[in-house]
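So the chains spell out like this:
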Amino acid sequence: MVFEHLHRKACFGIVERKIQWKERVCMAAKKRARELGIPLPGRPGPFNAITDVAGVEGGFSTVVFGDPDSCVNGQSACARTGGTAILPRGRRRSAVFAGRHDLNGNGEMTGTHWIDDSGFLHGPIMITNTNSVGIVRDTAAKWMIENRFFYPLNLDGREMDGHGFFYPVVGETYDGFLNDINGFHVQASHVYEALESCKPGPVAEGNVGGGTGMRCHGFKGGTGTASRVLSAKEGSYTVGVLVQANHGDLKWFQINGVSMAELGAQSPDGTEAMKDGTGSIIVVIATDAPLLPHQLSKVCRRAPIGIGRLGGGCSSSSGDIFVAFSTANEGAYSYTYSTVTMMHDDLVNPLFRAAAEATEEAILNALCAAETMVGRDGTTAYALPVDKVLSILAR
């Protein structure tokens, strides 16, 4: 049955676009992990999303076209892909303290050498598919120039307009199971679409943006998000996480220590299979706590705890790459001297736990939101059977 799927504009800057393809998709909003009753620790923010960190905005461009039945051996276009954009301080030119970490480096995130050396993130964070990193990076750079979104060179106290250097951060995961990835279907217009649609508020999940064609723990994966708010004693800080989940093995998939392996294989005869554990995960962590770059790198190193709680993180073919930024210390970047506020390392412990918890929940939210998708050559990624999951957890 051919029908139209309209993105809900209420969520996280998704641009409304009409898409047609042959597959069944439930139009009703799906419940998130916490709403389903899956026990999860910690206190989320009002949106339970990365946008609970004040000032953070984001948007998506979802690129879906082509009839799977007409795509044989990649001979016709079948796009199941897109791009995700995150603006750390919205549309204001800014540089934020940042840190990063990779658990396994079989993947790409551009711009991270300068984060390592300078401690600053300039501009947006973008996420897309493996083969589209180049065009997304270049278009993001063009957008930054057009919007004066970078700090130009400074000569004797005077900004040299139009001159400067910056390195857009673009992460990726591989969506070639469902998407005709060698067709290079993400175009400059899609990057602009994601950036121009950025806004605060609720965040759509599942088959959206860069997560459109992704798989996770043997099921349909994609984009997910969650947040944690610390107690007043701990500073009342917020930690928000967004993931592009394209990782994991059903054999090791677990929730709250309960194995989900009995959910079984979800691929019918004739559907292409991929090696267990093939894929990657990008984790973006935001906080309003006044952390320095080395502390933000330490926060990144807690994301694997959340990934591991669900049985992931143990594949050499996976690119598990993480970046974190702080919206505090707004005046930290200057051409001369700056005074910044920092936290003693002993005070950072609750933020470590919050990052781990929010990462775990964001992955679950991606799985719970994602719909069954038919991709190139008729390959199918099935939605997580949440009723069966809840039945297993209830035993």
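Above: the structure in question.
Summary of the structure given here. (Residues numbered from 1 in each chain as written. Predicted model: local features only at pLDDT ≥ 70, side-chain atom pairs only at ≥ 80, totals over all residues. Heavy atoms only, no water.)

### Concerning the overall build of the protein chain
Okay, step 1: A tally of helices and strands in the protein chain yields seven helices and 20 strands.
Okay, step 2: For the protein chain, the residues scored as buried account for 57% of the 395 residues in total.
Okay, step 3: Counted over contacts in the protein chain with a minimum sequence separation of 6, partners at least 24 positions apart contribute 79%.
Okay, step 4: Element-wise, carbon and sulfur atoms account for 51% of the exposed surface of the protein chain, whose accessible area totals about 16000 Å². (Helix = DSSP H or I, 4+ residues; strand = E, 2+ residues; numbered from the N terminus. Buried < 20%, exposed > 50% of the residue type's maximum accessible area, 1.4 Å probe, protein only. Contact = heavy atoms within 4.5 Å. Areas by Shrake-Rupley, 256 points an atom, 1.4 Å probe, with all protein chains shown as cover.)

### Some details on the sheet that holds strand E3 (residues 57-65)
Okay, step 1: Taking strand neighbours across the sheet as the criterion, the four strands line up as E3-E4-E7-E10 in an open arrangement whose pairing is mixed. Both outer strands of the open sheet, E3 and strand E10 (169-173), are each paired with one neighbouring strand and no more. Ignoring which end each strand starts from, the neighbouring axes of this sheet average 15° apart.
Okay, step 2: Pairing of strand E7 (residues 125-129) with E10 involves five bridges; the strand directions are parallel. In the strand pairing of E10, Met-126 is matched with Val-170.
Okay, step 3: Helix H2 (residues 133-146) contacts strand E4 (79-91), E7 and E10 of the sheet and is inclined by roughly 150° relative to E7.
Okay, step 4: Sheet strands touched by helix H3 (residues 188-196): E3, E4 and E7. Its angle to E3, the strand with the most contacts, is close to 145°. (Pairing = 2+ DSSP bridges. Axes fitted to C-alpha atoms, helices over the stretch in contact; angles between N-to-C directions.)

### Comments concerning unusual backbone geometry
Okay, step 1: For Arg-148, which is not a glycine, the phi torsion comes out positive at approximately 50°.
Okay, step 2: By secondary structure assignment, the location of Arg-148 is in the loop between H2 and strand E8 (153-155).
Okay, step 3: One non-glycine residue, Asp-377, lies in positive phi territory at about 60°.
Okay, step 4: Residue classification places Asp-377 among the partly exposed positions, given a relative accessible area of 31%.

### A short note on the packing of aromatic side chains
Okay, step 1: On inspection of all chains with the given rule, the structure shows nine aromatic pairs.
Okay, step 2: When the ring of Trp-114 is compared with that of Phe-165, the centres are 6.1 Å apart and the planes differ by 75°; the resulting orientation is edge-to-face. One end of the pair, Trp-114, is in helix H1 (residues 112-118); the other, Phe-165, is in the loop between strand E9 (158-160) and E10, and 51 residues separate them in sequence.
Okay, step 3: Here Trp-114 falls in the partly exposed class, since its relative accessible area comes to 35%. (Phe/Tyr/Trp six-rings, centres within 6.5 Å; stacked < 30°, edge-to-face > 60°.)

### Quick word on helix H4 (residues 293-300)
Okay, step 1: When we look at burial in H4, the residues that qualify are Gln-295, Leu-296, Ser-297, Val-299 and Cys-300.
Okay, step 2: Contact partners of the buried residues in H4: strand E5 (95-105), strand E17 (279-287), helix H5 (303-309), strand E18 (318-326) and helix H6 (349-369).

### Describing the nonpolar core
Okay, step 1: By size, the foremost hydrophobic cluster in this structure holds 52 residues, and its most contacted members are Val-283 and Ile-285.
Okay, step 2: Counting residues per element, the ones that place at least two in this core are E5, strand E14 (238-246), E17, H4, H5, E18, H6 and helix H7 (386-393).
Okay, step 3: The leading source of residues in this core is H6, at 11 residues.
Okay, step 4: Formed by 24 residues, the second largest nonpolar core is a distinct cluster that contains Met-109, Leu-121, Val-169 and Ile-321. (Core = buried A, V, L, I, M, F, W, Y, C linked by side-chain atoms within 4.5 Å.)

### Examining the sheet that holds E17
Okay, step 1: Pairing in this open sheet of six strands is mixed, and the strands run E6-E5-E18-E17-E14-E13 from one edge to the other. Two strands lie at the open edges of the sheet, namely strand E6 (120-122) and strand E13 (222-229), each paired on one side alone. Pairwise comparison of adjacent strand axes, ignoring direction, gives a mean angle of 25° for this sheet.
Okay, step 2: This element, H6, spans E13, E14 and E17 of the sheet and lies at about 145° to E13.

### Quick word on the pattern of salt bridges
Okay, step 1: According to the stated counting rule, one finds 15 salt bridges in the structure shown.
Okay, step 2: Between Asp-116 and Arg-100 there is a salt bridge; the shortest N-O distance is 2.6 Å. Highlighted residues: Asp-116 in helix H1 and Arg-100 in strand E5, separated in sequence by 16 residues.
Okay, step 3: The class for Arg-100 is partly exposed, based on a relative accessible area of 24%.
Okay, step 4: The shortest N-O distance in the salt bridge between Arg-309 and Glu-360 comes to 3.5 Å. Placement of the pair is Arg-309 in helix H5 and Glu-360 in helix H6, with a sequence separation of 51 residues.
Okay, step 5: Owing to a relative accessible area of 4%, Glu-360 belongs among the buried residues under this scheme. (Salt bridge = Lys/Arg side-chain N within 4 Å of Asp/Glu carboxyl O.)

### Details of the environment of Gln-254
Okay, step 1: If you trace the backbone, Gln-254 turns up in strand E15 (residues 254-255).
Okay, step 2: By relative accessible area, Gln-254 is classed as partly exposed at 26%.
Okay, step 3: In this structure, the C-alpha to C-alpha distance between Gln-254 and Leu-393, residues 139 residues apart in sequence, is 10.0 Å.
Okay, step 4: Those residues in contact with Gln-254 that lie beyond four places of it in its chain are Ser-259, Met-260, Gly-308, Arg-309, Leu-310 and Gly-311.
Okay, step 5: Engagement of the side chain of Gln-254 in a polar contact is seen with the backbone oxygen of Arg-309, the distance being 3.2 Å. (Polar contact = N/O pair within 3.5 Å; in protein donor to acceptor, adjacent residues only side chain to side chain.)

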